[in-house]
Amino acid sequence: MLYSDKVMDHFLNPRNLGTIEDADGVGEVGNAKCGDIMKIYLKIDNDIITDVKFNTFGCGSAIASSSMATEMIKGKSVSEALSLTNKAVTEALDGLPPQKIHCSVLAEEAVQAAIADYRTRNGLPVDDIPSCNGCCSGCSHEHDHHHHIDDEE
Amino acid sequence: MNRIYADNAATTKMSRHATEVMLDVMENTYANPSSLHTPGQLAAVKLAESRQKIASILNCEPREIIFTSGGSEADNQAILSAAVIGEKKKKKHIISTKFEHHAVLHTLKKLEKQGFEVTYLDVHSNGIVRVEELEAAIRPDTILVTVMYANNEIGTIQPIRAIGEVCRKHEVLFHTDAVQAAGHLPLDVQADNIDMLSLSAHKFHGPKGVGALYARKGIAISTLIEGGAQERNRRAGTENLPAIVAMAAALEDAVANMEENNKYVSSLRDKLINGLSSIPHSTLTGDRENRLPGCASFCFEGIEGEALLLLLDQKGVCGSSGSACTSGSLDPSHVLLSIGLPHEVAHGSLRLTLCPENTPEEMDVIIQAVTDVVAYLRSISPVWNDLQKGKKEYVIQ
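Conventions we followed
Residues numbered from 1 in each chain as written. Chains lettered and ligands numbered in written order. Predicted model: local features only at pLDDT ≥ 70, side-chain atom pairs only at ≥ 80, totals over all residues. Heavy atoms only, no water. Helix = DSSP H or I, 4+ residues; strand = E, 2+ residues; numbered from the N terminus. Buried < 20%, exposed > 50% of the residue type's maximum accessible area, 1.4 Å probe, protein only. Contact = heavy atoms within 4.5 Å. Areas by Shrake-Rupley, 256 points an atom, 1.4 Å probe, with all protein chains shown as cover. Pairing = 2+ DSSP bridges. Axes fitted to C-alpha atoms, helices over the stretch in contact; angles between N-to-C directions. Salt bridge = Lys/Arg side-chain N within 4 Å of Asp/Glu carboxyl O. Polar contact = N/O pair within 3.5 Å; in protein donor to acceptor, adjacent residues only side chain to side chain. Nonpolar A, V, L, I, M, F, W, Y, C, P; charged D, E, K, R; others polar. Phe/Tyr/Trp six-rings, centres within 6.5 Å; stacked < 30°, edge-to-face > 60°. Lys NZ or Arg CZ within 6 Å of the ring centre and 35° of its normal. Domains from an automatic or database assignment. Buried area = accessible area lost by both parts, 1.4 Å probe. Core = buried A, V, L, I, M, F, W, Y, C linked by side-chain atoms within 4.5 Å.

### Description of the overall build of chain A
Line of reasoning, step 1. Broken down by element type, chain A carries 6 helices and 3 strands.
Line of reasoning, step 2. Across the 153 residues of chain A, 54% fall into the buried class.
Line of reasoning, step 3. Contacts spanning at least 24 positions in sequence make up 60% of the contacts within chain A whose residues lie at least 6 apart.
Line of reasoning, step 4. Accessible area for chain A stands at about 6600 Å²; split by element, carbon and sulfur atoms hold 49% of it.

Laid out in structure tokens, this is it:
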């Protein structure tokens, strides 16, 4: 099978699905042209992520990665959430196919983008948050990643 | 779970008749058709009979049929043979379309690296090549025109007879990849002025791993595989007799029942198209009229095709998609892009392809399943949310 049971579980029964109207931070990454957009909403109270929701346009692994990422940061401090890596998301999902690793990268970046939005709104520094927003073009990080996918084919 | 198989353009289930004749040849006619002993000669007779059957369906001579491992090999051999002829005549221009199968496109890319020039004709929003544009593209150094008979993703049927006429008039070789057409549409290489034609057995309820190339006599066919003198020195290797006999049987059955099957299958297709068209912001891809009897292909705005396929699979519906995530690359299908769909819409594609074993009741189940899954995926899609809130403009009205 293409996906692990964990991926299928999070795809078929996504955790934290939805939106938060009065979110303290919202992050959207990806690009419809590339077929993946993730949007993460955070409620933050006293530096703790008290609630998190997501919406995703994308494939099964994109939905599963967003679900897993939200589960991994819920109840954590902002700095803990910032340290979430795509590798940790992938491992928690019992792995992703090589051509789907970029979905976990998007999940990591969506969390960072939402936290950056929260900090900006509150006049807090964002210089420790990577600026890459996971778009398909105009960003060397993702660009390198795409070549990597081509090489694997 | 009751599964509904609606992916017959990918491959078909073998017919009982094809399976039976294949087993019979495996058990009873296993000798090598090249052997001199009686069992060998009986195998040679079966081979000749199969060749005769396929030739008479295509309206050509048996010697003009070369058995291959499938459609891809036939496409490769036809195009590379034309290139060798072109090289000798100093004609290194080929005309094709933007939405051919990769067996054709990748062979053409290889030839471009070897100094050939290829014109890829536009197929417009309806997915049909225009004959006047094709004729205008013909140059003194054009050696080959290769245009598929019917497209594998959107099912559009090309004006093959008119293209054949133009090619004959300008003395250009004409190859057609008829993999999706054979067994589904009436083929006549004489009436259509076709010089080379590729077909594949597993698209018409025959076995996988076998196909044929028709090549008009007089066209020098180059070998892809060197070895013995099988197939009149044009394709080495002991003939895959069980598969060849089964292919001939499957094609004969398909042609014998074509009218009846097409009437039935296109009624199922139309039911499906009508039902799915009522999903808002969806569009049928490819021409409504000139399309294969079994092909319903759609795009749904605001969702991604792989997620759609996986959720349909959970409901027992087997289809396919041209989204990037199903292709292993980041771009959606070149076919959907060739008909002018933007990337974000092409990602939300679904192809359902039917056969005579499908039923009207199954169409009802599919329509309900697709409607539900599209609605769910839209409910969790930030793209759809933006469209609904007017932050973005719908591409599909």
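### A few points about the sheet that holds strand 8 (residues 211–215) of chain B
Residue and element names in this part refer to chain B.
Line of reasoning, step 1. Across the sheet, which stays open at both edges, the 7 strands sit in the order 2-8-7-6-5-3-4 with mixed pairing between neighbours. Among the strands making up the open sheet, the edge pair consists of strand 2 (65–68) and strand 4 (117–121). Across this sheet, the average inter-strand angle for adjacent strands is 20 degrees, counted without regard to direction.
Line of reasoning, step 2. Relative to strand 8, strand 2 runs antiparallel, the two sharing 4 bridges. Note on strand 8: the bridge partner recorded for T68 is G211.

### Observations concerning the interface of chain B and chain A
Line of reasoning, step 1. Contact with chain B, which involves 26 residues of that partner, is made by 29 residues of chain A.
Line of reasoning, step 2. There are 1 salt bridge connecting chain B and chain A.
Line of reasoning, step 3. Among the salt bridges present, the one from B:E306 reaches A:K100, with a minimum N-O distance of 2.8 Å.
Line of reasoning, step 4. For the interface between chain B and chain A, the tally reads 7 residue pairs in polar contact (both at pLDDT 80 or more).
Line of reasoning, step 5. The element contributing the most residues to the side of chain B that touches chain A is helix 10 (residues 305–314) of chain B, with 5 residues.
Line of reasoning, step 6. Considered class by class, the residues forming the side of chain B that touches chain A number 11 nonpolar, 10 polar and 5 charged.

### Structural notes on the environment of B:S81
Residue and element names in this part refer to chain B.
Line of reasoning, step 1. Here S81 shows up in helix 3 (residues 71–89).
Line of reasoning, step 2. The spacing of S81 and S222 is 141 residues in sequence and 4.9 Å in space, taken between C-alpha atoms.
Line of reasoning, step 3. In this view, S81 contacts A220, I221 and S222; residues no more than four positions away in its chain are not counted.

### Remarks on the sheet that holds strand 9 (residues 282–284) of chain B
All names here are of chain B.
Line of reasoning, step 1. On the basis of which strands lie adjacent, the open sheet formed by 3 strands has the order 9-10-12 and antiparallel pairing. The open sheet is flanked by strand 9 and strand 12 (349–353), the only strands paired with a single partner. When strand polarity is set aside, the average angle formed by the axes of neighbouring strands in this sheet is 20 degrees.
Line of reasoning, step 2. Across the face of the sheet, helix 10 comes into contact with strand 10 (295–300) and strand 12 while running at roughly 45 degrees to strand 12.

### Quick look at the packing of aromatic side chains
Residue and element names in this part refer to chain B.
Line of reasoning, step 1. Applying the stated rule across the entire model yields 2 aromatic pairs over all chains.
Line of reasoning, step 2. Judged by centre distance (5.8 Å) and plane angle (5 degrees), the ring pair of F298 and F300 falls under stacked. For the pair F298 and F300, one class covers both residues: buried.
Line of reasoning, step 3. A centroid spacing of 5.8 Å and a plane angle of 65 degrees characterise the contact between W384 and Y394, whose relative ring orientation is edge-to-face. Here Y394 lies in the segment after helix 15 (382–388) and W384 lies in helix 15, a separation of 10 residues in the sequence.
Line of reasoning, step 4. Looking at K92, its charged tip hangs above the ring of F116, at a distance of 5.1 Å from the centre.
Line of reasoning, step 5. For the cation-ring pair, R378 lies above W384, with the distance from its terminal atom to the ring centre recorded as 4.0 Å.

### Describing the domain arrangement of chain B
Residue and element names in this part refer to chain B.
Line of reasoning, step 1. Examined at the domain level, chain B breaks down into domain 1 (16–256) and domain 2 (257–388).
Line of reasoning, step 2. The straight-line distance from the C-alpha centre of domain 1 to that of domain 2 is 29 Å.
Line of reasoning, step 3. Summing both sides of the interface, domain 1 and domain 2 together bury roughly 2000 Å²; the carbon and sulfur share of this comes to 59%.
Line of reasoning, step 4. Ranking the residues of domain 1 by area buried against domain 2 places E153, I154 and H184 at the top, with a combined share of 30%.
Line of reasoning, step 5. Along the contact surface separating domain 1 from domain 2 lie 0 salt bridges.

### So, the pairing of strand 10 of chain B
All names here are of chain B.
Line of reasoning, step 1. Burial within strand 10 is extensive, with 6 of its 6 residues counted as buried.
Line of reasoning, step 2. Sheet analysis places strand 9 next to strand 10, joined by 3 bridges and oriented antiparallel. Note that in strand 10 the partner of L284 across the bridge is F298.
Line of reasoning, step 3. Of the strand pairs in this sheet, strand 10 and strand 12 are connected by 5 bridges, and their pairing is antiparallel. By the bridge assignment, S297 is partnered in strand 12 with R351.

### Some remarks on the pattern of salt bridges
Line of reasoning, step 1. Counting across every chain of the model gives 30 salt bridges over all chains.
Line of reasoning, step 2. For the salt bridge of A:K87 with A:E91, the shortest nitrogen-to-oxygen distance reads 3.3 Å. Of the two residues, A:K87 and A:E91 are both situated in helix 4 (residues 86–92); the distance of 4 residues between them amounts to about one turn of the helix.
Line of reasoning, step 3. The salt bridge involving B:D195 is made with B:R216; its shortest N-O contact spans 3.0 Å.

### Brief notes about the nonpolar core
One broad trend across soluble globular proteins is that nonpolar side chains are buried collectively.
Line of reasoning, step 1. Within the largest apolar cluster, 69 residues are counted, with the highest numbers of intra-cluster contacts made by A:L42, B:L272, B:F300, B:L308, B:I366, B:V370 and B:L377.
Line of reasoning, step 2. For this core, the element with the highest residue contribution is helix 5 (residues 101–121) of chain A, accounting for 9 residues.
Line of reasoning, step 3. When residues no more than four places from it in sequence are discounted, the contact partners of B:L308 are B:F300, B:I303, B:S349, B:L350, B:V373, B:V374 and B:L377.
Line of reasoning, step 4. Grouped together as the second largest cluster of nonpolar side chains are 58 residues, B:V129, B:V131, B:A137 and B:A249 included.

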